[in-house]
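A structural walkthrough
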Amino acid sequence: MASGARAPGPEDSVRTASPDRRGEKGVSAPTGAVGTLKSAASRVRSVVASPRPVKGKAGREAARRRLQLLPASHAEEEEEGAEVEEEEPLLSVPEEDEEEARPLPPVCMFPMRGMWRDEKVALYCDEVLQGCKAEDADGAMSKYLSEKLKLKDKWLGVWKTNPELFFVKYEEASIPFVGILVEVICKPHQSSSSCFKVTVSVAEPFSSNIANIPRGLVNEILEELEHSVPLLEVYPVEGQDSDNHDIALALEVVRFFYDFLWRDWDDEESCENYTALIEERINLWCDIQDGTIPGPIAQRFKKTLEKYKNKRVELIEYQSNIKEDPSAAETVECWKKYYEIVMLCGLLKMWEDLRLRVHGPFFPRILRRRKGKRDFGKTITHIVAKVITTDMVKDLSSDTLLQQHDDLDLALDSCYSGDTVVIFPGEYQAVNLALLTDDIIIKGVGKREEIMITSEPSHDSFVVSKADNVKLMHLSLIQQGTVDGIVVVESGHMTLENCVLKCEGTGVCVLTGAALTITDSEITGAQGAGVELYPGSTAILERNEIHHCNNLRTSDNSKSTLGGVNMKVLPTPKLKMTNNHIYNNNGYGVSILQPTEQFFIVAEAFNKGAASGDKKDDSMLSRVMQNLNLEMSNNKIEANLKGDIRIVTS
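Calculation rules
Residues numbered from 1 in each chain as written. Predicted model: local features only at pLDDT ≥ 70, side-chain atom pairs only at ≥ 80, totals over all residues. Heavy atoms only, no water. UniProt positions renumbered as here; feature names shortened; annotations may be inferred. Helix = DSSP H or I, 4+ residues; strand = E, 2+ residues; numbered from the N terminus. Buried < 20%, exposed > 50% of the residue type's maximum accessible area, 1.4 Å probe, protein only. Contact = heavy atoms within 4.5 Å. Areas by Shrake-Rupley, 256 points an atom, 1.4 Å probe, with all protein chains shown as cover. Pairing = 2+ DSSP bridges. Axes fitted to C-alpha atoms, helices over the stretch in contact; angles between N-to-C directions. Disulfide = S-S within 2.5 Å.

As recorded in an unreviewed UniProt entry, the protein chain goes by Testicular spindle-associated protein SHCBP1L and comes from Panthera leo. Check the Subcellular location (unreviewed entry) section of the UniProt entry for the protein chain; it says "Cytoplasm, Cytoskeleton, Spindle". The UniProt entry for the protein chain carries this comment under Function (unreviewed entry): "Testis-specific spindle-associated factor that plays a role in spermatogenesis. In association with HSPA2, participates in the maintenance of spindle integrity during meiosis in male germ cells."

Dropping the structure here:
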């Protein structure tokens, strides 16, 4: 049985720690400037009651009931005269009675994305974990953090906690956290860094991201918590001495570990080399950040991981609500939730082990068999249009066999090898474009911009081919939500002629052993490279425009090298580029990914005018280009953010 969660026997004791290993509230440290909540804070003032601090449990509950941010729709209903419970009126804050909190000071920021891949690996694998096993990871993080905390036992920080601690009703988008300026006394008393508690008290001047939060209520909450809060919820304030900066960095290192590198199943199963697994996860995270794994695939991975965490919380909460001997229905529900977790755990492990690559699929997407030719040996021209007229087929020979469809998907499903699909202007969708196994021609009639084929957002693939010879002509392919390449050539040969490819995920991917010819076409908007050539593939690019690729939806695209065309070598792909215009890409115009500097392919040709970049790389670039099976002539490569051509060593 796959692991990833305990078997949910009702007799089992329930873990009290939350899945993100940050204590009961499970609050993820929010990122972004604190000042972004200013508008939300001013909005609170107009709808939040301002109770006087009242001692005792009843008083605290009353205060919490009044401290609530109503959704806009509810506020409007109140204004329109909806009945309000008399015992819980909403009042404005009397400015003279309550002390308004000052804005929070800036906190020390050490974004882990600013570190290079090798630096992260050295930090976690060599310095912090030091070859420990998974079950000892908590102890290793605790030891690392404890050493840093010895530098200073008292400092100022911002306590960022879950709004549920203060608000009964609130808009999560408006108030992602409640921040309070506190004085911290570091006396950690637990063995796990994820559960460290520190003693805090409200610091002067009273400061918060919620301008009118009652100070009395903050004191009440802290008293209820015995002034002890999770250490990882506290962020040292900027402007203190260097020791505070070291503590802030150490806290960020630990947060990053539990947010991105730790998995709930790590200490539940044996792993011979845990640091190697952590290194793989660091590589996966870096590949997501630098765009090697494009945005849509990264989002799918993150959503799956988040779903896993949520399902685990559901199981823990469900178990905790079973007070006595469970009923048969409760037992079944427990096992159902458990197996959901197991399946998600297995999927996440597969993604981590295989380290997602640019085009997305871990296995061939096309499992359908090739039909071949029809038994009677004839081919059919399929007309895709709502109605058919004689004028539409006047250019066809008199012996052409015709079949009319108003749906592109039905036309493709009816094709055998040798058939032609003729598409008239309109907007179409066809899941069968991801299942091309027979040698067919798909061509538009009219302007290519008027024949628009859009992908189905709920599907992973758009256009995928493993046919010996497929041709797409005079079309616009518009990618919407699919995570694989806009066109993936798994095997065989595909031709794209006079097409527009508007990418939303990855561009065109040519897998090992496959071949591609693109002429007179335009490729734009890819989140990775516009054209991605895998080892041993073949491509001919003539008279194309490739621009505005590597259009990453991440803030850390500064280190990404992908751009117009990306080649992965050993064995080298064969590429011929003639009269192409490659421009305005966020990486390099052409990038060559090589594992070493040794190549064993005899040179065909090299166009010196096509290469530019750092002078220190010119000799290496020339040497590699001369050993690649690469022809480049009369290409215009310009205005790419990183440069024109670059060799990238993996």
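There is more to say after this.
Before going further, it helps to examine the overall build of the protein chain. When helices and strands are counted, the protein chain shows 12 helices and 30 strands. The 650 residues of the protein chain split such that 50% are buried. Restricting to contacts in the protein chain with at least 6 residues of sequence separation, those with at least 24 account for 69%. For the protein chain, the exposed area adds up to about 30,000 Å²; of that, 50% sits on carbon and sulfur atoms.

Strand pairing in a sheet takes place through backbone hydrogen bonds and is either antiparallel or parallel in direction. Pairing is parallel in the open sheet, where 8 strands are placed in the order β9-β11-β14-β17-β20-β23-β26-β29. In this open sheet, the two strands that pair with only one neighbour each are β9 (426-428) and β29 (636-638). With strand direction ignored, the average angle separating the axes of adjacent strands in the sheet is 10°. Here strand β11 (residues 451-454) pairs with strand β14 (residues 476-478) via 3 bridges, running parallel. Within β14, the position partnered with Ile453 by the bridge is Leu477.

Counted under the stated rule, the structure contains 0 disulfides. You can see Cys132 has no disulfide; the closest cysteine sulfur is in Cys125, sitting 9.6 Å from it. Judged by relative accessible area, which is 14%, Cys132 ranks as buried.

As for its placement among the helices and strands, Asn585 is situated in the loop between β26 (581-583) and β27 (588-594). Under the relative-accessibility criterion, Asn585 is labelled buried at 0%. Setting aside its immediate chain neighbours within four residues, Asn585 contacts Ile546, His547, His548, Cys549, Gly563, Gly564, Ala639, Asn640 and Leu641.

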